[in-house]
Amino acid sequence: MQFSHNPTTSFDLIHPTGEFSVRLMIIAMMISPLRQLFGRRGWTDWLLKRRRAIGVAAFGYALLHLVFYLIDMAVWEQVVKDAMIFSIWTGYIAFAIFTVMALTSNDSAMRMLRANWKRLQRFVYAAAILTALHWVYVDGEWRGALIHFIPLAALEIARVAHIFTKRSRKTAQVGTVI
């Protein structure tokens, strides 16, 4: 009996590592709106305690995605030439943002940066948009990215609506008191 062995190439690993990175990034980003909408619950506390690890794992998969892409390209001149293509540079910029965020996702960076740490971490929204654009333009179709990003978008919309509803109630209460 002879077994055929089909070795996995770096090209075969580019898409799965990118998709895992996106999934983990989205999960990490969904934690704040979930906590805001559902309050402090056991499961939201559990997610919050693991958000940093999930975000760093998202970066790890993004790094693997880039490494497999570079291995697949093999020719440095082609990598540089492709960097000027919209679908590729959106990925590079998103990766640069992820790198800064991953490097500052530790307690000492939080202490050193203080309030600026939270401002820096908010760049994840720009990275998410760039990542979605990267996915759509590299794959040439939008369904896969849309399916992944809709839950995050829905939660963010619900979060914003919740904030405005809360503010409206406070304003209404203040107006009736006066």
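What you see is a predicted model; the values in this text were computed from it and never measured.

Rules of the game
Per chain, the residues get numbers from 1 upward, laid out in the order the sequence is written. Reporting of local features is limited, given that this is a predicted model, to residues whose pLDDT is at least 70; pairs of side-chain atoms are given and counted only at 80 or more, and all residues count toward the totals for whole chains, interfaces and linings. Only hydrogens and water are removed before side-chain values are computed, so all heavy atoms of the structure are retained for them. What counts as a helix is a DSSP run of H or I of at least four residues, what counts as a strand is a run of E of at least two, and both are numbered from the N terminus. Relative accessibility decides the category of a residue: with a 1.4 Å probe and only protein chains considered, values under 20% of the type maximum give buried, values over 50% give exposed, and everything between is partly exposed. Note on areas: these come from Shrake-Rupley sampling with a 1.4 Å probe, and a residue is covered only by the protein chains present in the view. Charged residues are defined here as Lys and Arg on the positive side and Asp and Glu on the negative side; His and the ends of the chain fall outside this count. Charged side chains are reduced to one point each, which is NZ for Lys, CZ for Arg, CG for Asp and CD for Glu. Any carboxyl oxygen of Asp or Glu within 4 Å of a side-chain nitrogen of Lys or Arg constitutes a salt bridge here. Aromatic pairs are defined between Phe, Tyr and Trp rings, using the six-membered ring for Trp, whenever the two ring centres lie within 6.5 Å; interplanar angles under 30 degrees are classed as stacked, those over 60 as edge-to-face, and all others as tilted. Only Lys NZ and Arg CZ are tested; either one counts as a charge over a ring when it is within 6 Å of the ring centre and within 35 degrees of the ring normal.

Colleague: For this particular structure, what's the right way to read the overall build of the chain?
Modeller: From N to C terminus, the chain includes 8 helices and 0 strands. Written out in order from the N terminus, the α and β elements of the chain read α-α-α-α-α-α-α-α. Dimensions of the chain, computed from C-alpha atoms along their principal axes, come out at roughly 80 × 40 × 30 Å. Per-residue burial for the chain yields a buried fraction of 35% across its 178 residues. Accessible surface computed for the chain: about 12,000 Å², of which carbon and sulfur atoms make up 68%. Distance from the positive charge centre (20 side chains) to the negative charge centre (10 side chains) of the chain: 22 Å.

Colleague: What am I meant to see in the pattern of salt bridges here?
Modeller: Per the stated rule, a full pass over the model turns up 5 salt bridges. Across the salt bridge formed by D107 and R52, the nearest N and O atoms sit 3.0 Å from each other. Of this pair, D107 sits in helix α5 (residues 107-113) while R52 sits in helix α2 (residues 42-73), and the two are 55 residues apart along the sequence. By relative accessible area, R52 is classed as partly exposed at 35%.

Colleague: Just to check I follow, could you spell out the packing of aromatic side chains for this structure?
Modeller: The way to describe two aromatic rings as a pair is by their centre distance and the angle between their planes. Considering all chains together, one arrives at 5 aromatic pairs under this definition. Among the aromatic residues, those joined into a cluster by ring pairs are F86, W89 and Y137. Here the basic side chain of R23 rests over the ring of F20, its NZ or CZ set 5.8 Å away from the ring centre. Above the plane of the ring of W142 lies R143, whose end atom (NZ or CZ) is 5.7 Å from the centre.

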